[in-house]
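Now for the letters of each chain:
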Amino acid sequence: MQIYRVGGAVRDRLLQLPVYDNDWVVVGASVEQMLAAGYQPVGKDFPVFLHPKTHEEYALARTERKSGRGYQGFEFFASPQVTLEEDLQRRDLTINAIAEDDAGRLYDPYGGQQDLQARLLRHVSPAFREDPLRVLRVARFAARFHHLGFRVAPQTLKLMQQISAGDELHTLSAERVWKELERALGEADPQQFLLTLHQCDALERLLPEWQRLFDADATAKDGNGDANTVLRGLHAAVALGCDSRERIALLCCYIDPDAAQQLFERLKAPREYRDFGLLCSRH
Ligand code: CTP
C-alpha cells in the first residue's frame with residue numbers, strides 16, 4: 001500500500017501557511033488490511049480510518065458517483081484498484097487535489113501547483129457540480145485566500161451558478177450551512193464570502209435576508225448603497241479584531257429583527273450568536 005498526504009495540508013504547506021491537521025489517502029489497500037494494521041474505522045459505510053497513534057484521518061482511495069439529491073447522495077467505490085489520480089479527480093478544487101508522498105514528491109495531475117501560482121480557485125472536473133456544499137466551500141476559500149490574491153476561476157463560478165439555479169442548495173442541512181458561514185465569517189476577508197455567494201446567485205437562496213442588502217445596492221444611483229457600507233464595515237470589524245460572532249452581529253445591524261430571527265432559526269444558530277445578533281438588529 002502507498003500512503004500520501006493530501007488536501008489542505010499539502011496546499012497550505014505550498015502556500016507557506018501553518019498546517020494544523022493532515023489528511024491521508026491510502027492507495028492499494030483493503031478495509032481488512034487497514035483493520036489488521038490497527039486503524040480505527042470512522043462510520044460504517046465510509047472507507048475512512050483513524051491512525052492508531054496520531055488519530056489523523058486515513059481514507060482509502062475512492063471514486064464517487066452521484067446517486068441521489070444533495071451532498072449526501074453519493075455512492076462510494078473504494079478498492080485496492082482505485083488509483084491516486086482517480087481519487088484526486090473526485091475532489092473539489094485543483095489546489096486541494098495535490099498529493100505528497102513520504103519522500104516529499106508531489107503528485108499533481110490536475111494542475112494544482114499552477115493554480116496556486118496563478119492564485120486561482122478552479123474546479124477539478126465537471127463532477128464539481130454534484131456536491132452543492134462546494135458552493136459554500138469555494139466562497140469560504142475566497143474569503144480565506146483573498147489577501148493572497150486568489151479569485152474564483154470564471155468557469156468554476158459558472159458551475160456554481162448552475163448549482164444555484166437547480167434546487168440542490170436546499171438539500172444542505174442547516175448545520176452545514178451554519179458551519180460554513182461561521183467559519184467563512186471568521187476568515188481574513190469575510191466580505192468575499194458574501195460577494196462570491198452573491199455573484200453565483202447562492203446568496204438569495206441560502207441567506208435571502210442578506211441578499212436584500214445587495215438588492216438595495218443595485219438601486220443606489222451612486223453605487224454607495226447598503227452593500228458597500230456593510231462590506232466596508234465588515235472589513236473594519238476584521239481590522240478591529242472582531243470575532244465571527246461579532247461580525248455576524250454587525251451584519252444583523254442592517255436587517256430588521258424579524259429577518260434576523262428568521263435567519264438564526266432557519267440555520268439553527270447557537271444561542272450566543274442569535275442573542276447578540278438580535279440585540280444588534282433591534283438597537
Ligand atoms: N473535499 C472535496 N469536497 C468536499 C469536501 C472535501 O473535494 N465537499 C476534499 C478536498 O480535497 C479537501 C479534502 O477533501 O482538500 C479535505 O477536506 P477538508 O478537511 O474539509 O478541507 P481542507 O481542504 O483540508 O480545508 P480546511 O483547511 O478548511 O480544513
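See the structure printed just above.
Cut-off values and rules
Residues numbered from 1 in each chain as written. Predicted model: local features only at pLDDT ≥ 70, side-chain atom pairs only at ≥ 80, totals over all residues. Heavy atoms only, no water. Core = buried A, V, L, I, M, F, W, Y, C linked by side-chain atoms within 4.5 Å. Buried < 20%, exposed > 50% of the residue type's maximum accessible area, 1.4 Å probe, protein only. Helix = DSSP H or I, 4+ residues; strand = E, 2+ residues; numbered from the N terminus. Contact = heavy atoms within 4.5 Å. Salt bridge = Lys/Arg side-chain N within 4 Å of Asp/Glu carboxyl O. Axes fitted to C-alpha atoms, helices over the stretch in contact; angles between N-to-C directions. Parallel < 35°, antiparallel > 145°, perpendicular 65-115°, else oblique. Nonpolar A, V, L, I, M, F, W, Y, C, P; charged D, E, K, R; others polar. Near = heavy atom within 4 Å. Polar contact = N/O pair within 3.5 Å; in protein donor to acceptor, adjacent residues only side chain to side chain. Areas by Shrake-Rupley, 256 points an atom, 1.4 Å probe, with all protein chains shown as cover. 1 Å grid on protein atoms, 1.4 Å probe; cavity = no way out; pocket = protein on both sides within 12 Å on 5 of 7 lines; lining within 4 Å. Sits in = over half its atoms within 2 Å of the grid points. Left-handed = near helix turned anticlockwise from the far one by under 90°. Expected span 1.5 Å × (residues − 1). Arc of directions from axis to C-beta. Pairing = 2+ DSSP bridges.

Enquirer: It is not clear to me how the nonpolar core should be interpreted in this structure. Could you clarify?
Expert: A general feature of soluble globular proteins is that nonpolar side chains tend to end up buried together. Leu121, Phe193, Leu194, Leu197, Leu207 and Trp210 are the most contacted members of the largest nonpolar core, which has 57 residues in total. Residue contributions to this core peak at nine residues, all from helix H5 (residues 133-145). With sequence-adjacent residues up to four places away left out, Phe193 is seen in contact with Leu136, Ala139, Arg140, Ala143, Glu180, Leu181 and Ala184. Among the nonpolar cores identified, the runner-up in size contains 11 residues, and Val6, Val25, Val27 and Val124 belong to it.

Enquirer: What exactly am I supposed to notice about the pattern of salt bridges here?
Expert: Counted by the stated rule, this structure contains 17 salt bridges. We note a salt bridge from Arg11 to Asp12, for which the minimum N-O separation is 2.9 Å. Asp12 carries the same exposure label as Arg11, and that label is buried. One salt bridge connects Arg62 with Glu64, and the closest N-O pair in it is separated by 3.3 Å. Residues participating in the shared-partner salt-bridge network are Arg62, Glu64, Asp87, Arg90 and Arg91.

Enquirer: Any chance you could explain the packing of H5 against helix H7 (residues 174-185) here in plain terms?
Expert: The axes of two packed helices give the description: the angle between them and the distance between them. As a packed pair, H5 and H7 sit with axes 9 Å apart at the nearest point and diverge in direction by 10°. In terms of their interaxial angle, H5 and H7 are classed as roughly parallel. The residues of H7 that touch H5, namely those facing Leu133, Leu136, Arg137, Arg140, Ala143 and Arg144, are Arg176, Val177, Glu180, Arg183 and Ala184. Classifying every residue of the contact of H5 with H7 gives five nonpolar, no polar and six charged.

Enquirer: It is not clear to me how the site of the ligand should be interpreted in this structure. Could you clarify?
Expert: Within the structure, the ligand sits among 14 residues, and Asp92, Asn96, Asp131, Arg144 and Arg183 are positioned closest to it. Taking Gly8, its main chain carries an N or O atom lying 3.4 Å from an oxygen atom of the ligand. Side-chain polar atom of Asp23 to an oxygen atom of the ligand: 3.5 Å apart, as the coordinates give it. The fraction of the free accessible surface of the ligand (560 Å²) that becomes covered by protein chains is 77%. More than half of the atoms belonging to the ligand lie within 2 Å of the grid points that define the largest pocket.

Enquirer: What is the right way to look at the packing of helix H13 (residues 257-266) against helix H14 (residues 271-282) in this model?
Expert: At a minimum axis distance of 9 Å, the contact between H13 and H14 shows a crossing angle of 165°. In this view, H13 runs roughly antiparallel relative to H14, as classed from their interaxial angle. In this structure, H13 meets H14 at a crossing whose hand is right-handed. The residues of H14 that touch H13, namely those facing Pro257, Ala260, Gln261 and Phe264, are Tyr273, Arg274, Gly277, Leu278, Ser281 and Arg282. Residue classes in the contact of H13 with H14 are distributed as five nonpolar, three polar and two charged.

Enquirer: What is the right way to read helix H11 (residues 226-239) from this model?
Expert: An α-helix turns once per 3.6 residues; consequently, residues spaced three or four apart project the same way. For H11, built from 14 residues, the straight-helix expectation of 20 Å at 1.5 Å per residue is met to within 8% by its first-to-last C-alpha distance of 20 Å. For H11, the full list of buried residues reads Ala227, Val230, Leu231, Gly233, Leu234 and Ala237. Relative to the axis of H11, the buried residues are bounded by an arc of 155° and lie together on one face. Along H11, the residues that are exposed and aim more than 90 degrees away from the buried face are Arg232 and Ala239.

Enquirer: Looking at this structure, how should I read the side chain of Ser244?
Expert: Assignment of secondary structure puts Ser244 in helix H12 (residues 244-252). Not counting residues within four places of it along the chain, the set of residues in contact with Ser244 comprises Glu182, Leu185, Gly186 and Tyr273.

Enquirer: Is there a simple way to think about the sheet that holds strand E5 (residues 57-60) in this case?
Expert: Paired through their backbone hydrogen bonds, the strands of a sheet run either parallel or antiparallel. Strands sit in the order E3-E4-E5-E2-E1-E8-E9 across an open sheet of seven strands; the sheet is mixed. A single partner strand is all that each edge strand has here, and the edge strands are strand E3 (40-42) and strand E9 (106-107). For strand E8 (residues 99-100) and E9, the ladder comprises two bridges, and the chain directions are antiparallel. Across the sheet, Glu100 pairs through a bridge with Leu106, a residue of E9.

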